[in-house]
Amino acid sequence: MTEEKEIILTKEGLQRLEAELEHLKSVRREEVAERIKQAIAFGDISENSEYEDAKNEQAFIEGRIMTLEKTLKNSRLMEETDIRTDVVSLGSRVTLKEVKSGREVNLLLVSSVESKLKDGKISDESPVGRAILGKKVKSTVEVEAPAGIIKYKIMKVEK
């Protein structure tokens, strides 16, 4: 039996996952059960695409519920004291400056289950996340990207 990896979540991330789980269990399960019931009422289910679609959606929802429950079971809430400002850690707000262009980006380093690039949240398992984790302000890191190596200088590390 393999040991499950601990997942460290921000308060916001934990609340988002708990809300999604609750919604799936209380609302989505009921909706898809009703769709299945209606599809069965149409008669022969062997060639009923509505029934097939509803059963596929039900399988997806149940799979997502299992994934969320496993994630939450293996998670720990990130404490304020876990977030460091001397080096980049989970929960750090980091300002990076691309060396070549001078363009600055602000990121929040989170676990992979919370990452959402459009919100500026990157995973500690992403190429950039792995490169900056444990590094100090003024450090320069290299990240391998499809376009080649990108160099970033760490400008700020904050809570």
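Look a little higher up for the structure.
Residues numbered from 1 in each chain as written. Predicted model: local features only at pLDDT ≥ 70, side-chain atom pairs only at ≥ 80, totals over all residues. Heavy atoms only, no water.

A. Here's a closer look at the overall build of the protein chain. When its secondary structure is counted, the protein chain shows three helices and seven strands. Along the chain direction, N to C, the helices and strands of the protein chain fall in the order β-α-α-β-β-β-β-α-β-β. The C-alpha radius of gyration of the protein chain comes to 21 Å, more than 25% above the 15 Å expected for a compact globule of 159 residues. Judged by the C-alpha coordinates and their principal axes, the protein chain covers about 70 × 35 × 30 Å. Taking all 159 residues of the protein chain together, the buried fraction comes to 35%. Taking as baseline every contact in the protein chain between residues at least 6 positions apart, the subset at least 24 positions apart corresponds to 51%. For the protein chain, the accessible surface area stands at approximately 10,400 Å², while carbon and sulfur atoms represent 51% of it. (Helix = DSSP H or I, 4+ residues; strand = E, 2+ residues; numbered from the N terminus. Rg over C-alpha atoms; globule rule 2.2 N^0.38 Å. Buried < 20%, exposed > 50% of the residue type's maximum accessible area, 1.4 Å probe, protein only. Contact = heavy atoms within 4.5 Å. Areas by Shrake-Rupley, 256 points an atom, 1.4 Å probe, with all protein chains shown as cover.)

B. Structural view of the nonpolar core. Ranked by size, the top nonpolar core spans 19 residues in total, and within it Val88, Leu96, Val128, Ile132 and Ile154 carry the most contacts. For this core, the elements supplying multiple residues, two or more each, are β3 (93-98), β4 (104-110), α3 (127-132), β6 (140-145) and β7 (148-158). Ignoring anything within four residues of it in the chain, the contact list for Val88 reads Val94, Leu109, Ile132, Leu133, Gly134, Lys135, Ile154 and Val157. Residues Leu21, Leu24, Ala54 and Ile65 belong to the second largest nonpolar core, which totals 15 residues. (Core = buried A, V, L, I, M, F, W, Y, C linked by side-chain atoms within 4.5 Å.)

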